[in-house]
Protein chains: 2
Amino acid sequence: MTEVAEGQFRAGSLSHRVPELGALELLLAVARLGSLGGAARELGITQPAASSRIRSMERQLGVALVDRSPRGSRLTDAGALVTDWARRIVEAAEAFDAGAQALRDRRDSRLRVAASMTIAEYLLPGWLLALRAQRPDTAVSLLAGNSAAVAERLLADEADLGFVEGVSVPTGLDSVVIAHDNLIVVTAPGHVWARRRRALSGAELAATPLILREEGSGTRQVLDSALGGLARPLIELSSTTAVKAAAVGGAGPAVLSELAVGEELSMRRLVSVPLADVSLARDLRAVWPTGHRPVGPARDLLALTRG
Amino acid sequence: MTEVAEGQFRAGSLSHRVPELGALELLLAVARLGSLGGAARELGITQPAASSRIRSMERQLGVALVDRSPRGSRLTDAGALVTDWARRIVEAAEAFDAGAQALRDRRDSRLRVAASMTIAEYLLPGWLLALRAQRPDTAVSLLAGNSAAVAERLLADEADLGFVEGVSVPTGLDSVVIAHDNLIVVTAPGHVWARRRRALSGAELAATPLILREEGSGTRQVLDSALGGLARPLIELSSTTAVKAAAVGGAGPAVLSELAVGEELSMRRLVSVPLADVSLARDLRAVWPTGHRPVGPARDLLALTRG
DNA sequence: ATGGCGACATAAACTGAACTTATGACAGAG
DNA sequence: CTCTGTCATAAGTTCAGTTTATGTCGCCAT
């Protein structure tokens, strides 16, 4: 009976209202296996521990999650919903883990990857997850920087495989295009541009103050060159996340990589504005020192990125 | 010195390698405020606690995250990267919380929402987050079910606002289209269809065995009617998540709501196959009992969904 | 210079949540 | 009618995270 006043706590941080990761993993295991004891075994804890953990999660959320019977346990309707939300958290945690694992082994690992920021943030954790599923023993290291830094690492033999975004390939490197990244114009759903039917012209874009990354950033370079150096900043922010936040908040239109806003678009927190006569596409390339074709784990990772 | 053998633990569950939510929140606060003590104050803990928490997170990840100086604390390069991954987790947790909060207050709340599964899973948590930012005191309840169940609740005055996906509006309800959901054909990046240039025809789609939701599900109904009842199942699975997993694993092409695969697409775990002469669009509608135009919080929520 | 302020570090004692071990109760299958 | 699976309950233990209380370092204003 400790949670009587539920509903008017002091902006209590999330961690008091959202179960911790271990509990969410347990819930997913229960959903998959249909048994508390089975899930417990899989996670290497005892059955009473699992039971108690699920129970305290139910108390915390104020909703019954599983129907327990002497024949096993099934999710309730609410439980199924909660499990789906939990899965999102666990997936984000897996990406975190994959990235962190790579970061941790920076020094002493076997596959050393150097990548530009956008790729390192949004794409690599997923690829590393897949690579680990395929070759669990490979220790991967990750270094993030701009194109020049990536090239430098590769040429100094401090990295085995690199990933860059941008139009030109640094000299001394061979490359393969692995994907195309489009910069897109996005606004909050309430913005006038969200209701446009006709596509936006380059001139209109150049004439409108935009929320942008700072000068010198990769995305900014692509935009400036496509527009002839004319992009007019409404605000300049130093991280993709800050730009997204400003756009979601309705500060104005922003130009961002579609990789960075996949979720915001599908959740309709942001809306993409079609563009007519300007192409903001750029290639994402895997790169390596000329002649040193990737072998071993580097080759596997490369294969993964190309599907 | 307990973590000597780091790197070869027994498939150790995530929770041992990923810091818990509270620590991630703390990290975000430090990133934002530039100070350990400040972040501690914001989260309602003491400064040594914050320091120790960050430190143990650094030990856990094996990477320095913040540069501590007598003048404040800034993120290291690795710290910035980790913070971005952490933010994804925290965002997922916020969506979880928004949904759970609604679920919890099912009985005694002021705004009662009934929604179909896809909307409840993928869209509503985001909307509720926005609603709570705007009207923090509104207690929201959520019931998920199929279109008929939604209609029933509304007509019985057990819900104030409903959301349904599908072609027809149940009788007795007024509605507004709030968004369009497209079913799309997706495959793993390795599948032959991922390399097609020409769009897929309806006949080809009907002739190919697909990974599908079970008969009776909303997505299956739309597909069957668009194809004239001809969809040929390769496997039938009972949840969107299972279909996604099978498709990502390369089992074959799947047909899914674009809402369900936004992230997979932007991460290139799945690729969308363009479709030529078939339209798999369906409207997402807000619904309410004829004549009872939404007022108060229901009206606010409705406004949010339309941007 | 020199106090004062703000930031972080260190040490020791405390608290509590979550685990384990050990057992009991219930349902269905052979 | 016992055997095997399931979950529940109880009591004891462990350990991570917290607080309180101090120490150190750099910066700034007087």
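The notes below deal with the structure included here. Sequence order as written defines the numbering, with residues in each chain counted from 1. Ligands are numbered from 1 and chains lettered from A, in the order in which they are written. Where local features are concerned, this predicted model is filtered to residues with pLDDT of at least 70; where side-chain atom pairs are given and counted, the filter is 80 or more; whole-chain, interface and lining totals use all residues. Side-chain metrics rest on all non-hydrogen atoms present in the structure, leaving aside hydrogens and water.

1. What about the overall build of chain A?
Part 1: The secondary structure content of chain A amounts to 11 helices and 11 strands.
Part 2: Dimensions of chain A along its principal axes, counting C-alpha atoms only, are 70 × 50 × 30 Å.
Part 3: Expressed as a percentage of the 307 residues in chain A, the buried residues total 52%.
Part 4: Here the contacts in chain A between residues at least 6 apart in sequence split such that 70% fall between residues at least 24 apart.
Part 5: In this description, accessible areas are obtained by the Shrake-Rupley approach with a 1.4 Å probe, and a residue is regarded as covered only by the protein chains that are shown. For chain A, the exposed area adds up to about 14,100 Å²; of that, 50% sits on carbon and sulfur atoms.
Part 6: In this tally, Asp and Glu contribute negative charge and Lys and Arg positive charge; neither His nor the terminal groups of the chain are included. Charge placement uses NZ in Lys and CZ in Arg. For Asp and Glu, CG and CD serve respectively. Computed over 35 positive and 34 negative side-chain charges, the separation of the two mean positions in chain A equals 4 Å. Runs of E in the DSSP output that reach at least two residues are strands. Runs of H or I that reach at least four are helices, and both are numbered from the N terminus. With a 1.4 Å probe rolled over the protein chains alone, any residue whose accessible area is under 20% of its type maximum counts as buried; one over 50% counts as exposed, and the rest are partly exposed. It only takes one pair of heavy atoms within 4.5 Å for two residues to be counted as in contact.

2. Thoughts on the protein's contact with DNA strand D
Part 1: We call a residue near a given molecule or strand whenever any one of its heavy atoms falls within 4 Å of it. In the vicinity of DNA strand D, 21 residues are found, and the nearest of them are Leu 36, Ser 51, Arg 55 and Arg 68 of chain A together with Thr 46 of chain B.
Part 2: Sugar and phosphate atoms constitute 66% of the interface atoms of DNA strand D, taking the interface as everything within 4 Å of the protein.
Part 3: Here a polar contact is taken to be a pair of N or O atoms separated by no more than 3.5 Å, where protein atoms must pair a possible hydrogen donor with a possible acceptor and residues adjacent in sequence count only if both atoms sit in side chains. At 2.7 Å, a side-chain N or O of Arg 55 of chain A approaches a phosphate oxygen of DNA strand D.
Part 4: In this structure, Pro 70 of chain A approaches DNA strand D through a main-chain N or O atom, which is 3.4 Å from a sugar or linking oxygen.
Part 5: For the surface near DNA strand D, the elements supplying multiple residues, two or more each, are helix 2 (36-43), helix 3 (47-61), strand 1 (66-69) and strand 2 (72-75) of chain A together with helix 3 (47-61) of chain B.
Part 6: The residue classification treats Ala, Val, Leu, Ile, Met, Phe, Trp, Tyr, Cys and Pro as nonpolar and Asp, Glu, Lys and Arg as charged. All others, Gly included, are polar. Broken down by class, the residue content of the surface near DNA strand D amounts to 7 nonpolar, 9 polar and 5 charged.

3. A closer look at empty space enclosed by the protein
All names here are of chain A.
Part 1: A pocket here means an open set of points on a 1 Å grid, computed over the protein atoms alone, that has protein on both sides within 12 Å along at least five of seven lines. A cavity is instead a set of points where a 1.4 Å probe fits but cannot get out; residues with an atom within 4 Å of a point line either one. Grid points are joined across faces, edges and corners, and a volume is the space filled by probe spheres set on the points. Under the defined criterion, the tally for this structure stands at 3 cavities of 30 Å³ or more.
Part 2: Approximately 90 Å³ is the volume found for the largest cavity.
Part 3: Residue lining of the largest cavity: Ala 98, Gln 101, Ala 102, Leu 128, Leu 131, Arg 132, Arg 135, Thr 138, Ala 139 and Val 140, and that is the complete set.
Part 4: If you list the elements that add at least two residues to the lining of the largest cavity, you get helix 4 (77-104) and helix 5 (117-134).
Part 5: Partitioned by chemical class, the residues of the lining of the largest cavity number 6 nonpolar, 2 polar and 2 charged.

4. Digging into the interface of chain A and chain B
Part 1: In this assembly, 61 residues from chain A lie in contact with 61 residues from chain B.
Part 2: A 1.4 Å probe defines the accessible area here, and the buried area is the portion of it lost by two parts on being joined, summed over both. Buried surface at the junction of chain A and chain B, summed over both partners, amounts to about 5,600 Å²; 65% is from carbon and sulfur atoms.
Part 3: Counted as salt bridges are all cases of a side-chain nitrogen of Lys or Arg within 4 Å of a carboxyl oxygen of Asp or Glu. Across the contact surface, chain A and chain B share 4 salt bridges.
Part 4: Taking the shortest distance from any N to any O, the salt bridge between Glu 258 of chain B and Arg 268 of chain A comes out at 3.9 Å.
Part 5: The interface formed by chain A and chain B includes 13 residue pairs in polar contact (both at pLDDT 80 or more).

5. Some points on the relation of the copies chain A and chain B
Part 1: When the copies are superposed, the least-squares fit draws on C-alpha atoms of residues that have pLDDT of at least 70 in both. At an RMSD of 0.1 Å, chain A and chain B line up after a rotation of 180 degrees and a shift of 0.0 Å along the axis. Expressed as a symmetry operation, the mapping of one chain copy onto the other fits a two-fold axis.
Part 2: Looking at the interface residues of chain A, 98% of them are also at the interface in chain B, so both copies use one shared face.

6. Here we look at helix 8 (residues 218-227) of chain B
Helical geometry note: an α-helix holds 3.6 residues per turn, so side chains three or four residues apart project in the same direction.
All names here are of chain B.
Part 1: Among all positions of helix 8, only Thr 219, Arg 220, Val 222, Leu 223, Asp 224 and Leu 227 are buried.
Part 2: Buried positions along helix 8 lie against strand 6 (173-187), helix 7 (202-207), strand 7 (210-213), strand 8 (233-237), strand 9 (254-257) and strand 11 (281-289).
Part 3: Immediately beyond the C-terminal end of helix 8, within one or two residues, lies Gly 228, with a positive phi of roughly 75 degrees.

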